[in-house]
Amino acid sequence: MEAKIGVFLCNCGGGMKNIDFDAAGAKVAKIRGVACVDLISDLCLEEGREKMAAGIRAENLDRVVVAACSPEFKEHVLGQVLENAGLDGHLLCMANIREQCSWAHEGDVTEKAVELMNMAVNKARLLQPVEKQDIAVDREVLVVGGGFSAVASALQFSRVGLRSTLLEKEVVLGTATRELEGLHGFDICSMIDAVEGDTNIEILTSGRMTTAKGTIGDFTVTITKEGEEISRKYGAIVLATGYRTELALGSGLELRADEEAISRAKIVSQEQLFGMLNDPFIDTKPKTIGFVFGFSDENSRFPTLATLNNALAAKKEWDSEIYVFCKDVEVDSEGVEKLYREARECGVVFLKCEVLPRIAVDNGRIAIEAEDVFLGEDTIVACDLLVAEELLFPTEGTAALSSLLNILLDSRGFYQDENVHLYPVASEKKGVFLVGGCRGDLDTGRVLTDISSAVMSIDKLLLSGTITVEIERVKADPQKCVACLTCIRVCPHGAIQLGRVDGGKEIAVIVDLACDACGICAAVCPAKAIDFQGYRDDQLLAQIEAIEES
Amino acid sequence: MNGRIIAFCCEHSAYPAADLAGKLGLHYPETLRIIRVPCAGRVDVIHMLRALEKGASAVLVLGCEDGACHHITGNIRARERVKHCDMLLREIGIDGRPVVMFNLSPNAPHKFVKAANEITKIIKESREAR
């Protein structure tokens with residue numbers, strides 16, 4: 001039976017002056033299968049959408065074409081209108097006559113608009129409904145790591161009522177961060193105490209993830225703890241494995257053999273300085289301290305915070321003279337502007353340089369030489385202690401975990417975000433989230449924002465205990481599939497498995513929960529067995545053929 | 001389908017870039033027809049060949065930038081497939097109508113317009129050469 005297609009035109013309240021809607025409507029009405037053409041000027045508004053729903057019901061339509069703005073804005077909203085009118089949301093096809101027609105060209109574009117609508121009608125004729133189903137998911141979350149971001153995540157999960165497991169490879173939580181309490185403005189010890197007393201949080205120390213299978217809502221993870229294997233099920237995984245640092249001294253630093261040991265001891269990291277400041281038995285208090293940071297990475301929020309905290313503490317404890325060589329002091333995190341002002345007021349000197357300062361050893365002292373861009377001349381400062389620039393690296397296990405979970409690493413070896421701007425805490429594998437230093441972002445305030453964002457996303461996914469998924473939107477035809485495994489190898493989301501139909505033939509089975517609807521499998525399948533509803537071969541070809549007709 | 005350019009646009013990069021071009025009032029040739037795909041990797045050889053068979057003067061496949069594909073490997077697959085399609089056309093000796101892949105990000109409307117203009121220029125030049 002021929003589908004009854006309704007075409008709804010929206011003139012964007014007069015925002016598309018170079019299309020003659022009456023003429024376009026009259027032409028579209030003649031296309032085969034079009035049962036009605038309706039001009040609605042306000043599909044953005046509730047009234048307009050009600051008119052559309054009434055039109056669908058009155059004409060008893062099977063397929064709907066909307067010629068309006070880009071589907072990027074309104075496709076999901078209009079899909080809902082179809083659902084309200086008793087049709088499946090997938091039976092909608094949009095013709096983008098605003099951004100890609102009216103606004104993109106000068107002069108009358110009625111003809112192009114009609115052609116775009118013809119393409120949409122041709123595709124709409126072949127659309128098929130897609131069933132939706134609620135799938136039960138596990139409500140527990142695995143947090144990998146035992147540092148600040150991991151502990152803070154676990155606490156937040158507990159607050160929203162989700163149970164979580166902290167998996168730490170060391171014997172106790174917070175080994176790397178415990179000594180840094182105060183340095184970056186966080187209070188890790190009391191957080192660890194809170195975690196230990198929380199019944200919603202289970203702590204697995206000296207444990208390592210050995211295998212990870214499954215997809216969002218249904219991960220099966222094996223953990224090896226002291227030679228014992230534990231198998232657990234989780235709904236989502238949060239990676240908070242942190243970072244490590246190495247000193248960067250720049251090239252050209254040559255130390256004489258007899259001086260080396262003494263000089264090396266005078267070049268320290270922020271962490272070592274912090275340790276020295278908290279050591280009540282230190283023999284000699286350095287009179288002059290030089291800080292160098294911000295030359296290796298554009299983002300210097302984290303070293304800025306550490307430097308300001310340490311410099312202020314050194315002023316207070318030792319009353320040292322302090323010189324800070326840096327490219328930029330980034331004070332846009334919470335409370336940092338205040339710290340910076342405090343530091344300047346108590347006499348910390350900031351020197352802005354464009355290139356990494358030269359470092360030399362001079363009479364047992366460290367000489368830092370750099371050109372200050374404001375003074376315009378070389379400045380040499382002889383220090384008793386140099387707090388050197390640090391480079392950030394991911395922790396050792398990062399690469400191993402990424403191959404276990406099948407997620408990507410970026411060029412520096414940190415986990416790759418799904419979208420750096422729009423969705424930074426998600427990895428490209430659904431259900432695996434990244435927070436804190438393991439994605440290369442270290443600013444404490446931002447890490448807390450990351451954590452809240454990840455917890456909210458996971459809460460939304462798991463709290464109801466079910467996820468609504470589209471069933472068999474992408475499906476391999478058991479008649480055509482020969483189980484050649486091509487799709488299983490190419491699927492970027494690991495969403496295809498080998499399964500059996502009715503206990504007989506082996507075929508590729510697409511896991512609806514994990515599928516991200518990219519259609520790569522449909523394109524590579526040599527037997528053309530995979531159908532992707534909405535982007536089926538015949539649906540794409542129908543659009544091309546529509547262009548020929550006109 | 002005289003002189004139409006068929007552009008398969010990835011809905012994560014090129015499609016929003018085209019939208020943005022419209023919003024900014026950047027003009028590109030009216031002959032361009034955009035077909036939305038979920039990923040450049042969805043475009044198969046048959047789609048490109050059918051477009052040429054029906055008389056398109058060029059086929060564009062527009063996907064995400066290298067290393068930034070929403071579906072990780074989709075743009076790499078698309079590039080290989082475009083190459084393969086081009087090779088097929090050469091082998092059978094079909095006239096040199098271009099099948100080209102471009103990479104762009106969703107916030108790069110200028111690059112979209114540049115791609116559209118470039119392909120139009122290539123078509124014009126090859127027509128004049130004949």
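Owing to the predicted nature of the structure, the values given are computational and were not obtained by experimental measurement.

Conventions we followed
- Residues numbered from 1 in each chain as written.
- Chains lettered and ligands numbered in written order.
- Predicted model: local features only at pLDDT ≥ 70, side-chain atom pairs only at ≥ 80, totals over all residues.
- Helix = DSSP H or I, 4+ residues; strand = E, 2+ residues; numbered from the N terminus.
- Rg over C-alpha atoms; globule rule 2.2 N^0.38 Å.
- Contact = placed C-beta atoms within 7 Å.
- Buried ≥ 20, exposed ≤ 12 C-beta atoms within 10 Å, placed from the backbone.
- Domains from an automatic or database assignment.
- Pairing = 2+ DSSP bridges.
- Core = buried A, V, L, I, M, F, W, Y, C linked by C-beta atoms within 7 Å.
- Axes fitted to C-alpha atoms, helices over the stretch in contact; angles between N-to-C directions.
- Parallel < 35°, antiparallel > 145°, perpendicular 65-115°, else oblique.
- Left-handed = near helix turned anticlockwise from the far one by under 90°.
- Nonpolar A, V, L, I, M, F, W, Y, C, P; charged D, E, K, R; others polar.
- Arc of directions from axis to C-beta.
- Expected span 1.5 Å × (residues − 1).

### Some words on the overall build of chain B
Stage number 1. Per the secondary structure count, chain B includes four helices and four strands.
Stage number 2. Against the compact-globule benchmark of 14 Å for 130 residues, chain B has a radius of gyration of 14 Å, which places it among compact chains.
Stage number 3. Considered along the principal axes of its C-alpha atoms, chain B spans approximately 35 × 30 × 20 Å.
Stage number 4. Taking contacts inside chain B between residues at least 6 apart in sequence as the whole, the part at least 24 apart equals 79%.

### Brief notes about the overall build of chain A
Stage number 1. When you go through chain A residue by residue, the secondary structure sums to 16 helices and 28 strands.
Stage number 2. Taking 2.2 N^0.38 as the reference for a compact globule, 550 residues should give roughly 24 Å; the C-alpha atoms of chain A span a radius of gyration of 31 Å, well beyond that estimate.
Stage number 3. Referenced to the eigenvectors of the C-alpha coordinate spread, the extents of chain A come out at roughly 95 × 65 × 40 Å.
Stage number 4. Every one of the 550 residues in chain A was classed for burial, and the buried ones make up 43%.
Stage number 5. When contacts within chain A are restricted to residue pairs at least 6 apart in sequence, long-range pairs at least 24 apart make up 70% of them.

### Focus: the domain arrangement of chain A
Stage number 1. Split by domain assignment, chain A resolves into domain 1 (5-130), domain 2 (141-242 + 395-466), domain 3 (251-388) and domain 4 (472-532).
Stage number 2. One C-alpha centre belongs to domain 2 of chain A, the other to domain 3 of chain A, and the line joining them spans 33 Å.

### Observations concerning the sheet that holds strand E21 (residues 385-387) of chain A
All names here are of chain A.
Stage number 1. Spatially, E14-E21-E15-E16-E17 is the arrangement adopted by the five strands of the open sheet, whose pairing is parallel. Strand pairing shows two members of the sheet lacking a second neighbour, strand E14 (267-268) and strand E17 (349-352), which therefore form its edges.
Stage number 2. Sheet topology places strand E16 (residues 321-326) next to E17; four bridges connect them, and they run parallel. When the bridges of E17 are listed, valine 324 appears paired with phenylalanine 350.

### Structural notes on the nonpolar core
Stage number 1. In this structure, Val65(A) and Leu62(B) are the most contacted members of the largest nonpolar core, which totals 165 residues.
Stage number 2. The residues contacting Val65(A), other than those within four sequence positions of it, are Ile5(A), Val7(A), Cys93(A), Ala95(A), Met117(A), Ala120(A), Val121(A) and Ala124(A).
Stage number 3. With 35 residues, the next largest nonpolar core counts Ile267(A), Phe291(A), Tyr340(A) and Ala388(A) among its residues.

### Remarks on the packing of helix H6 (residues 148-160) of chain A against helix H7 (residues 188-196) of chain A
All names here are of chain A.
Stage number 1. With their axes 10 Å apart at the nearest point, H6 and H7 run at an angle of 45 degrees to one another. By the angle between their directions, the pair H6 and H7 is classed as oblique. H6 and H7 meet at a crossing whose hand is left-handed. Where H6 approaches H7, its residues Phe148, Val151, Ala152, Ala154 and Leu155 are matched on the opposing element by Ile188, Met191, Ile192, Ala194 and Val195.
Stage number 2. When grouped by side-chain class, the residues that make up the contact of H6 with H7 number 10 nonpolar, no polar and no charged.

### A short note on unusual backbone geometry
Excluding glycine, residues mostly carry a negative phi; peptide bonds, for their part, are mostly trans.
Residues and elements named next belong to chain A.
Stage number 1. Of note, leucine 485 is a non-glycine position whose phi angle comes to about 75 degrees, a positive value.
Stage number 2. Note on placement: leucine 485 falls in the loop between strand E25 (474-476) and helix H14 (486-490).
Stage number 3. For lysine 528, which is not glycine, the phi torsion reads 50 degrees and is therefore positive.
Stage number 4. Positionally, lysine 528 belongs in the loop between helix H15 (520-524) and strand E28 (530-532).

### Regarding the pairing of strand E20 (residues 377-383) of chain A
Residue and element names in this part refer to chain A.
Stage number 1. Where strand E19 (residues 365-372) and E20 come together, seven bridges link them in antiparallel fashion. Within E20, the position partnered with aspartate 372 by the bridge is glutamate 377.
Stage number 2. Here E19 hands over to E20 after four residues, with glycine 376 in that stretch at a positive phi of 75 degrees.

### Some thoughts on the environment of Lys475(A)
Stage number 1. Locating Lys475(A) in the fold gives a position in strand E25.
Stage number 2. Taking the C-alpha atoms as reference points, Lys475(A) and Glu389(A), separated by 86 residues in sequence, lie 54 Å from one another.

### A word on the sheet that holds strand E4 (residues 92-96) of chain A
Residue and element names in this part refer to chain A.
Stage number 1. The four strands lie next to each other as E2-E1-E3-E4, forming an open sheet whose pairing is parallel. Each edge of the open sheet carries a strand with a single partner, namely strand E2 (34-39) and E4. If you compare each strand with its neighbour and ignore which way they point, the axes differ by 20 degrees on average.
Stage number 2. Where strand E1 (residues 5-9) and E2 come together, five bridges link them in parallel fashion.

### Some remarks on the interface of chain A and chain B
Where interface size is quoted, it is often the accessible area lost as the parts come together.
Stage number 1. Listed per partner, the contact involves 29 residues of chain A and 34 residues of chain B.
Stage number 2. Here the side of chain A that touches chain B takes eight residues from helix H16 (residues 537-549) of chain A, the largest share from any one element.
Stage number 3. Class assignment for the residues of the side of chain A that touches chain B results in 15 nonpolar, five polar and nine charged.

### Examining the pairing of strand E10 (residues 218-225) of chain A
Residue and element names in this part refer to chain A.
Stage number 1. As paired strands, strand E9 (residues 207-215) and E10 are joined by eight bridges and run antiparallel to one another. Considered in E10, the bridge of glycine 214 is made with phenylalanine 219.
Stage number 2. Between E9 and E10, which pair antiparallel in sequence order, lie two residues; one of them, glycine 217, sits at a positive phi of approximately 85 degrees.
Stage number 3. The turn linking E10 back onto strand E11 (residues 228-234) is made up of two residues, and glutamate 226 within it adopts a positive phi angle of 50 degrees.

### Quick word on helix H2 (residues 45-53) of chain B
Residue and element names in this part refer to chain B.
Stage number 1. Inspection of H2 places His47, Met48, Ala51 and Leu52 among the buried residues, and these make up the whole buried set. Viewed end-on, H2 has its buried residues packed into an arc of 130 degrees, placing them on one side of the element.
Stage number 2. After H2 finishes, the residue glycine 55 shows a positive phi value of roughly 105 degrees.

### Re the environment of Tyr243(A)
Stage number 1. Looking at where Tyr243(A) falls in the secondary structure, it is placed in strand E13 (residues 243-248).
Stage number 2. Sequence-wise, Tyr243(A) and Arg439(A) are 196 residues apart; in three dimensions their C-alpha atoms are separated by 8.6 Å.

### Focus on helix H13 (residues 444-462) of chain A
Because each turn of an α-helix spans 3.6 residues, side chains separated by three or four positions in sequence point in the same direction.
Residue and element names in this part refer to chain A.
Stage number 1. With 19 residues, H13 extends 27 Å from end C-alpha to end C-alpha; this agrees with the ideal 27 Å at 1.5 Å per step.
Stage number 2. Listed as buried for H13 are Thr444, Val447, Asp450, Ile451, Ala454, Val455, Ile458, Leu461 and Leu462. The buried residues of H13 all sit within an arc of 125 degrees when viewed along its axis, so they share a single face.
Stage number 3. Looking at the buried side of H13, the elements it contacts are strand E6 (141-144), H6, strand E12 (236-239), helix H10 (301-318), strand E23 (432-434) and strand E24 (466-471).

### Considerations on the environment of Cys64(B)
Residues and elements named next belong to chain B.
Stage number 1. Summarising the element assignment, cysteine 64 is placed in the loop between strand E3 (58-63) and helix H3 (74-92).
Stage number 2. Expressed as a C-alpha distance, the spacing of cysteine 64 and proline 38, which sit 26 residues apart in the sequence, is 11 Å.
Stage number 3. Setting aside chain neighbours within four positions, we find cysteine 64 in contact with Cys10, His12, Ser13, Cys69, His70, Asn75, Asn103 and Ser105.

### Regarding the packing of helix H2 (residues 46-59) of chain A against helix H3 (residues 71-84) of chain A
Axis angle and axis distance: for two packed helices, these are the angle between their axes and the distance between the axes, and together they describe the pair.
Residue and element names in this part refer to chain A.
Stage number 1. Remark: H2 packs on H3, axes separated minimally by 9 Å, with the N-to-C direction vectors making an angle of 40 degrees. If you check the angle between H2 and H3, you find them oblique. In the packing of H2 onto H3, the handedness of the crossing is right-handed. Residues Arg49, Met52, Ala53 and Ile56 of H2 form the contact with H3, whose participating residues are Val81, Leu82 and Asn84.
Stage number 2. Residues that form the contact of H2 with H3 fall into these classes: five nonpolar, one polar and one charged.

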